[in-house]
Protein chains: 2
Amino acid sequence: MPYTYEYARAALAVDCVVFGLDDEDLKVMLIERGQPPFKGRWALPGGFVRLDETLFEAARRELEEETGLKRVFLEQLYTFGDVKRDPRERVVSVAYYALCNLRDHKVQGATDASAAAWFGLHDLPSLAFDHDEILRTAVERIRGKVRYVPIGFELLPRKFTLTQLQKMYEKILDRQLDKRNFRKKVLGMGILEETDEVQQDVAHRAARLYRFDELAYKRLVKQGFNFEL
Amino acid sequence: MPYTYEYARAALAVDCVVFGLDDEDLKVMLIERGQPPFKGRWALPGGFVRLDETLFEAARRELEEETGLKRVFLEQLYTFGDVKRDPRERVVSVAYYALCNLRDHKVQGATDASAAAWFGLHDLPSLAFDHDEILRTAVERIRGKVRYVPIGFELLPRKFTLTQLQKMYEKILDRQLDKRNFRKKVLGMGILEETDEVQQDVAHRAARLYRFDELAYKRLVKQGFNFEL
DNA sequence: TTGCCACTGTGTCGTGAATACACTAACATT
DNA sequence: AATGTTAGTGTATTCACGACACAGTGGCAA
């Protein structure tokens, strides 16, 4: 069933940079390509946009199809449109980035014969297409964004300790933070809700668990509040 | 000369939000549409992407064709891909925003029969397509960005007074700033070069002219410097 | 020439935020 | 009971931000 147009048209794709956090490192999910071009190379999950879905919907769909991830934070990153970025033909790709925590969303073997795996940011293979550049752009974006918008909470389980929160910031920003100053600051913002639970199954004093209080955050933003780590 | 594809394809367009600054207000350049749909309505300059040009090149080309603007600051904003954003068919638009100063770049009557004009941000007509939304997004973007990246200088002539600089920030941020604190801060950053010239043809004491020192800025950024107004 | 107008250009002080820094408390394990 | 491991806490110093007012300059008009 061919489609005909008066002018040549580019193909339109979406690609997703999925960040996940575990105890060691900030990770990215990659897919091993089962088809040429770049067969056998690692690439970002993604695919072509259908005409009856928005870009956001396409990104969400591809993410679920290729990695099994649902209901994760997903936001548009940048659109990559170099003429030769795909060797087959002109493909313009709208990149998205996603954040999720590795505990809740375990490595889903991908559905369509290709392998999916998490890679630490310091241990990446070279990627297919211009996906290295897309990934670099995504890392820059979250580094910038995490400092003044609380997107980082998407990477943690719903209840977390202050140490986990601090370690997350340290991994994203790639530098050490002072414990006391960090706690003072983050508690002072009034967007963390203290639960009456503590960590389980640790071989030392258990830390208190906190929850991100989205309502308090939104209230504060409305009053002209500035989250800034 | 028709082009045929196995799957249906969206058309791909670019749209540009061009900001300009004059003595009164922050302005945006709009084009009156000469063709349906939305004939007679105001819209952002833009058009379809050719297959042999990057997105950036397409934006620059359309900008020049429709408004006569060349060599202005131009940067990708966001990609708009709602299914029904164009009533004719599926069109995905990569939006760019541009900054220029109204002195150097006078209102070029548009080349192709449609009229081009500057509109103050507080005095906008309702726009064609989803261009209201694109424009809103662009305003948010420069408000956020101008505070920690010196893009604002693109809106001024190469040599400017500190008062002009301050007024620019006041118009973009839509609030008053204190003169002494502003000067202290902006001079303290060390990215302004004092010239030995002063304003001409003013009916009062002439102010000293400054120049943005891009090299100093880049040097400072490399050392981990934080421009932040 | 004098006065007036419009804008330029400058310093201080108080307050709040950011940083640097080290020890005791709690709990689990042996 | 002793040990190991992390949790949890306060202070002092420095730095940045914001609030605030007036004298100086130069053109212009009377």
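Quick caveat: nothing in here was measured; it's all calculated off a predicted structure. (Residues numbered from 1 in each chain as written. Chains lettered and ligands numbered in written order. Predicted model: local features only at pLDDT ≥ 70, side-chain atom pairs only at ≥ 80, totals over all residues. Heavy atoms only, no water.)

Asks: Even after reading the chapter, I still don't get the overall build of chain A, so can you show me in this structure?
Replies: What chain A contains, in helices and strands, is 5 helices and 11 strands. On the principal axes, the C-alpha backbone points of chain A span a range of 65 × 40 × 30 Å. Here chain A holds 229 residues, and the buried ones make up 50% of them. Across chain A, contacts joining residues at least 24 apart in sequence account for 65% of those joining residues at least 6 apart. Carbon together with sulfur atoms contributes 47% to the accessible area of chain A, which is approximately 12200 Å² in total. Between the centroid of the 37 positive side chains of chain A and the centroid of its 37 negative side chains there is a distance of 5 Å. (Helix = DSSP H or I, 4+ residues; strand = E, 2+ residues; numbered from the N terminus. Buried < 20%, exposed > 50% of the residue type's maximum accessible area, 1.4 Å probe, protein only. Contact = heavy atoms within 4.5 Å. Areas by Shrake-Rupley, 256 points an atom, 1.4 Å probe, with all protein chains shown as cover. Lys, Arg positive; Asp, Glu negative; His and termini not counted. Charge placed at Lys NZ, Arg CZ, Asp CG, Glu CD.)

Asks: What should I look at first to understand the sheet that holds strand S9 (residues 159-160) of chain B in this one?
Replies: Two strands in a sheet stick together by hydrogen bonds in their backbones, pointing the same way (parallel) or opposite ways (antiparallel). Residue and element names in this part refer to chain B. The antiparallel open sheet is built from 3 strands, whose spatial order is S9-S11-S10. Looking at strand neighbours, the two that pair on one side only are S9 and strand S10 (192-198), the edges of this open sheet. As defined by bridge partners, S9 adjoins strand S11 (residues 208-212) across 2 bridges and the pair is classed as antiparallel. Its bridge partner being in S11, Lys159 is matched across the sheet by Arg211. (Pairing = 2+ DSSP bridges.)

Asks: Where do I start with the side chain of Arg9 of chain A in this structure?
Replies: By the secondary structure assignment, Arg9 of chain A is in the loop between strand S1 (3-5) and strand S2 (11-21). Here Arg9 of chain A falls in the buried class, since its relative accessible area comes to 13%. Separated by 2.8 Å, the side chain of Arg9 of chain A and the backbone oxygen of Arg9 of chain B make a polar contact. Side-chain polar atoms of Arg9 of chain A contact the side chain of Glu89 of chain B, separated by 2.7 Å. Apart from the residues lying within four places of it in its own chain, the contact partners of Arg9 of chain A are Tyr5, Arg9, Ala10, Ala11, Leu51 and Glu89 of chain B. (Polar contact = N/O pair within 3.5 Å; in protein donor to acceptor, adjacent residues only side chain to side chain.)

Asks: I'm lost on the protein's contact with DNA strand C in this one. Help?
Replies: Taken together, 18 residues lie near DNA strand C, and Asn181 and Lys185 of chain A together with Thr163, Lys179 and Arg183 of chain B sit nearest. Sugar and phosphate atoms form 38% of the subset of DNA strand C atoms that lie within 4 Å of the protein. Separating a base oxygen of DNA strand C from a side-chain N or O atom of Arg205 of chain B is a distance of 3.1 Å. Going through the elements one at a time, helix H4 (179-188) of chain A together with helix H4 (179-188) of chain B are the ones with two or more residues in the surface near DNA strand C. Here the surface near DNA strand C is composed, by residue class, of 3 nonpolar, 4 polar and 11 charged. (Near = heavy atom within 4 Å. Nonpolar A, V, L, I, M, F, W, Y, C, P; charged D, E, K, R; others polar.)

Asks: Just checking my understanding: could you explain the pattern of salt bridges for this structure?
Replies: A side chain of one charge can pair with a side chain of the opposite charge when the charged atoms of the two come close. Tallied over the full model, the rule gives 32 salt bridges over all chains. The residue Arg85 of chain A makes a salt bridge to Asp130 of chain A at a minimum N-O spacing of 2.7 Å. Of this pair, Arg85 of chain A sits in the loop between strand S6 (73-80) and strand S7 (91-101) while Asp130 of chain A sits in the loop between strand S8 (116-120) and helix H2 (131-145), and the two are 45 residues apart along the sequence. The salt bridge involving Arg61 of chain B is made with Glu62 of chain B; its shortest N-O contact spans 3.1 Å. There is no split in this pair, since Arg61 of chain B and Glu62 of chain B are both buried. Counted as one network, the salt bridges with shared partners bring together Arg50, Glu53, Arg61, Glu62 and Glu65 of chain A. (Salt bridge = Lys/Arg side-chain N within 4 Å of Asp/Glu carboxyl O.)

Asks: When you look at the relation of the copies chain B and chain A in this model, what are you seeing that I'm missing?
Replies: Think of it as a corkscrew move, a rotation about one axis and a shift along it, taking one chain copy to the other. Once chain B has been moved 0.0 Å along the axis and rotated by 180°, it coincides with chain A to within an RMSD of 0.1 Å. The transformation just described matches what one would write down for a two-fold rotation axis. Minimal C-alpha separation from the rotation axis in chain B is found for Thr4 of chain B, amounting to 2.1 Å. (Least-squares fit on C-alpha atoms with pLDDT ≥ 70 in both.)

Asks: Quick question: what am I supposed to make of helix H1 (residues 55-67) of chain A here?
Replies: Each turn of an α-helix holds 3.6 residues, which means side chains three or four residues apart point in the same direction. All names here are of chain A. An ideal rise of 1.5 Å per residue puts 18 Å on 13 residues; H1 measures up with 18 Å between its terminal C-alpha atoms. All of the buried residues in H1 are Leu55, Ala58, Ala59, Arg61, Glu62, Leu63, Glu66 and Thr67. Looking one or two residues past H1, Gly68 carries a phi angle of roughly 80°, positive in sign. (Expected span 1.5 Å × (residues − 1).)

Asks: When you look at the interface of chain B and chain A in this model, what are you seeing that I'm missing?
Replies: Bring the parts together and some accessible area is lost; that lost area is often taken as the interface size. Taken together, the 32 residues of chain B in the interface contact 32 residues of chain A. Taken over both partners, the interface formed by chain B and chain A buries close to 2600 Å², and the fraction arising from carbon and sulfur atoms is 54%. Where chain B touches chain A, the interface holds 2 salt bridges. For the salt bridge of Glu89 of chain A with Arg9 of chain B, the shortest nitrogen-to-oxygen distance reads 2.7 Å. Put simply, chain B and chain A have 17 residue pairs in polar contact (both at pLDDT 80 or more) between them. Among the elements of the structure, strand S1 (3-5), strand S2 (11-21), strand S6 (73-80) and strand S7 (91-101) of chain B are those that each provide at least two residues to the side of chain B that touches chain A. (Buried area = accessible area lost by both parts, 1.4 Å probe.)

Asks: What is the right way to read the protein's contact with DNA strand D from this model?
Replies: Near DNA strand D there are 19 residues, and of these Thr163, Lys179 and Arg183 of chain A together with Lys185 and Arg205 of chain B occur at the shortest range. Restricting attention to atoms of DNA strand D within 4 Å of the protein, one finds that 39% of them are sugar or phosphate atoms. Here Lys184 of chain A contributes a side-chain N or O atom positioned 3.2 Å from a base oxygen of DNA strand D. Between a phosphate oxygen of DNA strand D and a side-chain N or O atom of Lys185 of chain B, the distance comes to 2.8 Å. Elements represented by at least two residues in the surface near DNA strand D include exactly H4 of chain A together with H4 of chain B. Counted by class, the surface near DNA strand D contains 4 nonpolar, 4 polar and 11 charged residues.

Interpretation note: all reported values are geometric properties and have no functional meaning in isolation.
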